[in-house]
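This is what each chain is made of:
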Amino acid sequence: MEELLYIQNVTKTFGKFVALDHVNFSVNKKEFVCLLGPSGCGKTTLLRIIAGLEEPNVGSKILLEGKDITPLPPSKRNFGIVFQSYALFPNLTAYHNIAYGLKNKKLSKKAIDEKVREALSLVHLEHVKDRYPAQLSGGQQQRIALARALALSPTFLLLDEPLSALDAKVRLKLRIEIRKLQEKLGITTIMVTHDQEEALTMADKIVVMNNAKMEQIGTPQEVYEHPKTPFVADFIGTVNMLGQEGSTIAIRPEHIHIMDTQTKNSIKTKVKALEFRGAFYRLFLEIMDQSYQVSDGLLAVDVPASIVKKLDIDKESVLNAELPQNHLVTYA
Amino acid sequence: MLTEETVLKPSEVTVQNTIDKRKIRQKTGKAEWFHKSLILLMLLGLIIGIVLPLIQLFLEALKDKNGEYVGFVNFVNYFKTESLVQSMYNTLYISILTGVISVVLAFFYAYALARTQIRWKGLFKYVAFLPLFAPTMMHGIALIYLFGNKGAITTGFFGLFEKIFGSTMGIDIHLYGPVGIVISEVIYTFPQAFLILMVAISVTDYRLYEAAETLGSGKMKKFFTVTIPSIKYGLVSAFFVAFILSFTDFGAPKVVGAQYNVLATDIYKQVVGQQNLSMGSTVGIILIIPALVAFFADRMMQRKQSTSFSSKSVSYKIVKNPWRDKAYFVYCLLISLGVLSLIGAIIAASLVKVWPYNFSLTLEHLTFKNVAGNGLEPYFNSLYVSFITAILGTIIIFFGAYLIEKTRFMKITRQLSYFLSILPLALPGLVIGLAYIFFFNKPVFEVPFIGVYITNPFQSLYGTFMIIILANIIHFYSVNLITATTALKKLDKEFEPVSESMNIPFYKTFCNVTVPMSLPAILEIGIYLFVNSMTTISAVIFLYTADTKLASISIVNMTDAGDTAPAAAMSLIIVLTNILVRVVYEFATKKIRNRAQAWQQR
Ligand SMILES: Nc1ncnc2c1ncn2[C@@H]1O[C@H](COP(=O)(O)OP(=O)(O)OP(=O)(O)O)[C@@H](O)[C@H]1O
Ligand SMILES: [Mg+2]
């Protein structure tokens, strides 16, 4: 795969405060990369540095197709951007919002019109082209903002929490739509989000950040299955943190096996609570073996509904839980 | 070509662990250069318009009559001169009294309009704003016609009551002096206090009342435990505004002050009467002090206040209470009648032949012939100055606010510019006028103590309309900058980054989006500048020449010469012009304002 963007040693301070601390990663052509992390970890700052809207500290480098673009202003970087607020111009119709950036490109009126219509059809919103942003739903505004960014045929696309202002249903729908569009156009995309589910479902590659630093980088599967740090394990999905002989081990609830018979590796537990989650139950187990300490007190385990029925599991049932070695992640 | 592998293994990348605090400077394109130059130009303009004249004023206060630097001798002399110290006490007395009365009156008025179900609310609101359209001299002149020696009320309607009731029923309030000044200042400051309190009361959270209700608070208790604390910032703010306005006002004390001296009239006497410029500027600097203190106190309070409101405030539900409504209705009616009777007195004074001897009607006073004025010329001068101030001022102020608010370049320059832009809030008009004479009238500047001389490139402005316009713009800069900034803050802060990403130069987005979206605020600024330039006296009293005399100045000249009736007439024309302009504005811009509001909705 060919690399498009290369982020090298990117550091940013605001006075004494360090917002980004030597961040390194690369983005391949046609790749969808998610910057994932809790609020305040520096995601937006990183995105704005890539866009050229913030000036990073000396030593930082951003390469676009091998060329150093760090000293270039945003206007010379050729990207499209969608902000959380969309930043649609309220006094211009959807059509003119999209046409806005094209007007500076020395195109003929007809060429502009064509490009606007094309962008509108990409997001399936031809029918609202004459409406003002205030007359559009949140999801429609979002797609118009996307169309505006795409109309200029940018080299890469930057999205800052593009879905966070929408309600849950629309958000799920747009996730799929944005990803489909990205694949169709083959446009390299960097999206900022603090929603791990969004990152897992949409990204080719996730960059997990915490406290101004990069924690881990990898495919959704890698990051989920093999979290490199306790932070990543805890931040993505649900995880049990167990203490054993001075080290910490992490295991996901669905990776723990429940059996009615005792084996060499299993531990004895008692059900303290259970929640019905549709296809499965989440059990909260008290560990009766003294050599383990669970950080939250109880061990969360996801068990298919069929097994719960078969084993007739209820409160106070005593169960054997096995922690398979291949799913255990141990931290010093 | 780097592969995925190298990135995943940070050890292979040249790892640096030290942080260099310096930032990478972006190369600047043409649009960015232009943008940065404009920001610098703004700072330069503010320095020339505010800082340099002020420095000149300070230097002047350090000189003696012969122009030699003598340090703080003038200040020492000031506090040794009993009459001057006396006027400082007088001024404090007047302004504190004005602040208290004005805030109390305005509070109940605002309370009536916000929290009761009285009739005629619209009318009461318009009447409360009427004094804004008049120069402060008008209040003084009107009071003379009502309460002066030959005033309607002093003489029991010219003996009319005596014929009917057998007694003159005249009331002499001893108008000339502190009484007249305080009444005039209260009228002058009432609309401003009212406006601040109206806003403060309307945003108070209803849930506080519900909370008080569930705790079983009585009405009085509710008033003192909920209403008053929740608007205490508004109350203090209103007091400060009223205090500063009256502390620095020149018009009213000039007309009804008689022998009662205040700082503002002292400056005028020192500068115009005795040609003692050093003492004039010394008094000017003393005039700044309380305004400066109030300015910083107010800033600090506002910072605290912004946290005490939640955006989810629930608005007040008015409970029925006929007795309360009756009392408040009578209260509002009395105040409104008071304001309207002033206008009535001015209309009467402008139209009768010789008050109080010949009440036959005439239009003679409106021609301004054979009086200390110059016919209608000052009025047309005022129109011209106000119009240009409105146009030029709106452009400069709005664009200045835009440059400060909506840029990512030159943060420190912009912060400094913001400070300078807000500073005129603490500068009384008289001080601006005085500083301008010193600065613009100087052929050469000497940089003090090192003996370097620089020819003044701005001297040609002296004595022109342009210097008056400039003084007006600076005088009203801060209030309007705040209006503009508030409007700009409501716009999405990502408009500019998005435009930059699309390679659209900033000025295009400014014209295509920022200006159309902010049109209501822009128009509001324009009308404010026009109305205030029509009525202002303090900044311009030092700056006019025979060719650039304004209507407000001719009012002062006419009252000085005893031509009170034409002075009243001139005040009347100013008020009518302002009302007319405002009404035309309301109708002409309704569409624009509605459209902008439709865009704003989310
Ligand atoms: N202009 C600035 N001046 C000072 N500090 C800033 C500035 N911009 C951001 N920061 C700080 O840098 C840190 C990272 O901010 P950033 O906006 O990148 O966070 P984020 O990861 O995008 O968070 P969120 O998910 O809340 O959007 C925060 O602590 C923020 O307070
Ligand atoms: Mg963010």
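Remember, it's a predicted structure, so these values are computed and weren't measured experimentally. (Residues numbered from 1 in each chain as written. Chains lettered and ligands numbered in written order. Predicted model: local features only at pLDDT ≥ 70, side-chain atom pairs only at ≥ 80, totals over all residues. Heavy atoms only, no water.)

(A) Looking closely at the interface of chain A and chain B. Taken together, the contacts link 52 residues of chain A with 43 residues of chain B. Taken together, the two surfaces of chain A and chain B that pack against each other cover about 4,500 Å², and 57% of this comes from carbon and sulfur. Along the contact surface separating chain A from chain B lie two salt bridges. Between the two partners, chain A and chain B, sit 17 residue pairs in polar contact (both at pLDDT 80 or more). Of all the elements in the fold, those that place two or more residues in the side of chain A that touches chain B are β1 (3-14), β2 (17-28), β6 (79-82) and α4 (138-151) of chain A. Residue composition of the side of chain A that touches chain B, grouped by class: 22 nonpolar, 20 polar and ten charged. (Contact = heavy atoms within 4.5 Å. Buried area = accessible area lost by both parts, 1.4 Å probe. Salt bridge = Lys/Arg side-chain N within 4 Å of Asp/Glu carboxyl O. Polar contact = N/O pair within 3.5 Å; in protein donor to acceptor, adjacent residues only side chain to side chain. Helix = DSSP H or I, 4+ residues; strand = E, 2+ residues; numbered from the N terminus. Nonpolar A, V, L, I, M, F, W, Y, C, P; charged D, E, K, R; others polar.)

(B) Highlighting a nonpolar patch on the surface. On the surface, Tyr89(B), Leu92(B), Ile96(B), Val100(B), Val104(B) and Phe108(B) cluster together to form a nonpolar patch covering roughly 500 Å² of accessible area. Examined against the element boundaries, Val100(B) turns out to sit in helix α4 (residues 82-115). (Patch = residues over 30% accessible without salt bridge, like charges linked within 9 Å, V, L, I, M, F, W, Y side chains within 5 Å. Areas by Shrake-Rupley, 256 points an atom, 1.4 Å probe, with all protein chains shown as cover.)

(C) Fine view of the sheet that holds strand β17 (residues 299-304) of chain A. All names here are of chain A. Taking strand neighbours across the sheet as the criterion, the five strands line up as β13-β18-β14-β15-β17 in an open arrangement whose pairing is antiparallel. Of all the strands in the sheet, the pair left with one neighbour each is β13 (257-259) and β17. Adjacent strand axes in the sheet meet at a mean angle of 50 degrees, parallel and antiparallel pairs treated alike. Here strand β14 (residues 266-276) runs beside strand β18 (residues 318-322); their pairing, made up of five bridges, is antiparallel. For Ser-266, the partnering residue across the bridge sits in β18 and is Glu-322. (Pairing = 2+ DSSP bridges. Axes fitted to C-alpha atoms, helices over the stretch in contact; angles between N-to-C directions.)

(D) Inspection of helix α19 (residues 465-475) of chain B at higher detail. Residue and element names in this part refer to chain B. Within α19, eight of the eleven residues are buried, which leaves it mostly tucked inside the rest of the structure. Those residues of α19 that sit buried are Ile-467, Ile-468, Ile-469, Ala-471, Asn-472, Ile-473, Ile-474 and His-475. Those residues of α19 hidden inside the fold are in contact with α2 (30-61), α16 (377-405), α18 (429-440), α20 (477-490) and α22 (506-535). Capping the start of α19 is the job of one residue whose side-chain oxygen sits 3.2 Å from the backbone nitrogen of Met-466: Thr-464. (Buried < 20%, exposed > 50% of the residue type's maximum accessible area, 1.4 Å probe, protein only.)

(E) Quick peek at the packing of aromatic side chains. Following the criterion strictly, the structure yields 39 aromatic pairs over all chains and no others. Centroid distance Tyr132(A) to Trp599(B): 6.4 Å. Interplanar angle 45 degrees. Geometry classified as tilted. Of the two residues, Tyr132(A) is situated in the loop between α3 (109-122) and α4 and Trp599(B) in helix α25 (residues 590-600); the pairing between them involves two chains. Judged by its relative accessible area of 30%, Tyr132(A) falls in the partly exposed class. Judged by its relative accessible area of 10%, Trp599(B) falls in the buried class. Among the aromatic side chains, those forming a connected cluster through ring pairs are Tyr109(B), Trp120(B), Phe124(B), Phe129(B), Phe190(B), Phe194(B) and Phe329(B). A cation sits over an aromatic face here: Arg148(A) above Phe89(A), 5.0 Å from the ring centre. One residue, Lys232(B), lies across the ring of Tyr233(B), its end atom 5.4 Å from the ring centre. (Phe/Tyr/Trp six-rings, centres within 6.5 Å; stacked < 30°, edge-to-face > 60°. Lys NZ or Arg CZ within 6 Å of the ring centre and 35° of its normal.)

(F) Representation of the site of ligand 1 within the structure. All names here are of chain A. The local shell around ligand 1 consists of Phe-14, Phe-17, Ala-19, Pro-38, Ser-39, Gly-40, Cys-41, Gly-42, Lys-43, Thr-44, Thr-45 and Glu-161. One nitrogen or oxygen atom from the side chain of Lys-43 is found 2.8 Å from an oxygen atom belonging to ligand 1. Mapped onto the shell around ligand 1, the elements with two or more residues apiece are β2 and α1 (43-51). If you tally residues by element for the shell around ligand 1, the top one is α1, at three residues. Split by residue class, the shell around ligand 1 holds five nonpolar, five polar and two charged. (Near = heavy atom within 4 Å.)

(G) Spatial organisation of the nonpolar core. Ranked by size, the top nonpolar core spans 223 residues in total, and within it Phe25(A), Leu46(A), Ile144(A), Leu158(A) and Phe542(B) carry the most contacts. Here this core spans two domains, and each of domain 1 (27-58 + 369-602) and domain 2 (69-147 + 174-354) of chain B adds at least three residues to it. In contact with Leu158(A), other than residues within four places in its own chain, are Leu47(A), Ile50(A), Ala51(A), Phe79(A), Gly80(A), Ile81(A), Val82(A) and Ile190(A). Ranked by size, the runner-up nonpolar core spans 28 residues in total, among them Ile118(B), Ala193(B), Ala238(B) and Ile335(B). (Core = buried A, V, L, I, M, F, W, Y, C linked by side-chain atoms within 4.5 Å. Domains from an automatic or database assignment.)

(H) Main features of the sheet that holds strand β11 (residues 240-244) of chain A. Residues and elements named next belong to chain A. Read from one edge to the other, the open sheet built from four strands follows the order β16-β11-β12-β19, with strand pairing classed as antiparallel. Of all strands in the sheet, those with a lone pairing partner are β16 (293-294) and β19 (329-331), marking the two edges. As paired elements, β11 and strand β12 (residues 247-251) share five bridges and run antiparallel to each other. Its bridge partner lying in β12, Met-241 is registered against Ala-250.

(I) The state of the cysteines, seen in detail. Residues and elements named next belong to chain A. One pass over the structure, following the stated rule, counts zero disulfides over all chains. As a non-bridged cysteine, Cys-41 has Cys-34 as the owner of its nearest cysteine sulfur, 13 Å distant. Here Cys-41 falls in the buried class, since its relative accessible area comes to 2%. (Disulfide = S-S within 2.5 Å.)

(J) Region of the structure containing the side chain of His22(A). Tracing the chain through its elements places His22(A) in strand β2. Separated by 2.8 Å, the side chains of His22(A) and Asp21(A) make a polar contact.

(K) Structural context of the domain arrangement of chain B. Residue and element names in this part refer to chain B. What the domain assignment lists for chain B is domain 1 (27-58 + 369-602) and domain 2 (69-147 + 174-354). Between domain 1 and domain 2, the contact holds 37 residues from the first and 37 residues from the second. With both sides pooled, the region where domain 1 packs onto domain 2 buries about 3,200 Å², and carbon together with sulfur makes up 82% of that total. There are one salt bridge connecting domain 1 and domain 2. Between Asp-560 and Lys-254 there is a salt bridge, with its nearest N and O atoms 2.8 Å apart. For the interface between domain 1 and domain 2, the tally reads three residue pairs in polar contact (both at pLDDT 80 or more). Where the side of domain 1 that touches domain 2 is concerned, the elements lending two or more residues are α2, α17 (411-422), α18, α22, α23 (551-560) and α24 (564-588). In the side of domain 1 that touches domain 2, the residues fall into 29 nonpolar, six polar and two charged.

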